[in-house]
Amino acid sequence: MDAVDRVEYKQLMKHATIHHKEFLKQINHIWRALASGKINAKSLLILVSRMEIAEKNSERYYTQLYSRFPYVTKVLLQYSNFLDSSAKLEEAEEIRQDLREIIENGEDTEEESEINEIKLGSQSMKIPHKRDTSVRSTNSSIPNPPERSNS
């Protein structure tokens, strides 16, 4: 990567990460509001709208990153985690497969492979080695939906 590419990469990654964090934050707000049981339809609609805006912005920046820097492992890892949190599990798995191939074939350079684990807010994300189709959050600040009993 030359200097211009580095600047573009850093700016795109910064914006993608900011919007991804906002997306996760809005999901958190929605779950908390639903768990409280004290939310009306109008307030819920506002929260969902904010979440959708953050999701669209995240998608836009991650798509730009992926098209410009398809061999940078951090891009693939964060983008796949974003897709997971957007419930786009098949797309996330395709990106993870690309990531695994890059790592297995040694195509990632030290400069591009600066991480195998990243932090996005308080959420720690690792490169998965097998498909996990659960939609459960690994972020302790985002509550998972209550378990349903089979009784």
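Residues numbered from 1 in each chain as written. Predicted model: local features only at pLDDT ≥ 70, side-chain atom pairs only at ≥ 80, totals over all residues. Heavy atoms only, no water.

Visitor: Explain helix H2 (residues 41-68) residue by residue, including any values.
Guide: Taking 1.5 Å as the rise per residue, H2 with 28 residues should run 40 Å; its terminal C-alpha atoms sit 40 Å apart, in good agreement. On its buried side, H2 packs onto helix H1 (3-36) and helix H3 (73-85). At the N-terminal boundary of H2, the capping side chain belongs to Asn40, with an oxygen 3.2 Å from the backbone nitrogen of Lys42. (Helix = DSSP H or I, 4+ residues; strand = E, 2+ residues; numbered from the N terminus. Expected span 1.5 Å × (residues − 1). Contact = heavy atoms within 4.5 Å. Polar contact = N/O pair within 3.5 Å; in protein donor to acceptor, adjacent residues only side chain to side chain.)

Visitor: How would you summarise the side chain of His20 if you had to cite specific residues and measurements?
Guide: Inspection of the secondary structure assignment puts His20 in helix H1. Overall, the relative accessible area of 1% leaves His20 in the buried class. Here the side chain of His20 touches Tyr62 through a polar contact of 2.9 Å, side chain to side chain. (Buried < 20%, exposed > 50% of the residue type's maximum accessible area, 1.4 Å probe, protein only.)

Visitor: Please provide a residue-by-residue account of the packing of aromatic side chains, values included.
Guide: According to the stated counting rule, one finds 5 aromatic pairs in the structure shown. Here Tyr9 and Phe69 contribute two aromatic rings whose centre-to-centre distance is 5.4 Å and whose plane-to-plane angle is 80°, an arrangement assigned as edge-to-face. Note that Tyr9 is positioned in helix H1 and Phe69 in the loop between H2 and H3, a separation of 60 residues in sequence. Accessibility classification places Tyr9 together with Phe69 in one group, the buried group. Here the aromatic cluster, defined as three or more aromatic residues joined through ring pairs, consists of Phe23, Tyr62, Tyr66, Tyr79 and Phe82. Taking the ring centre of Phe69 as reference, the NZ or CZ of Arg68 above it sits at 4.9 Å. (Phe/Tyr/Trp six-rings, centres within 6.5 Å; stacked < 30°, edge-to-face > 60°. Lys NZ or Arg CZ within 6 Å of the ring centre and 35° of its normal.)

Visitor: Outline the pattern of salt bridges, supporting the account with residue identities and numerical values.
Guide: All told, the structure shown has 6 salt bridges when counted by the stated rule. Across the pair Glu8 and Arg68 runs a salt bridge, and its minimum N-O distance is 2.8 Å. One end of the pair, Glu8, is in helix H1; the other, Arg68, is in helix H2, with 60 residues separating them in the sequence. Using a relative accessible area of 29% as the deciding quantity, one classes Glu8 as partly exposed. Overall, the relative accessible area of 36% leaves Arg68 in the partly exposed class. (Salt bridge = Lys/Arg side-chain N within 4 Å of Asp/Glu carboxyl O.)

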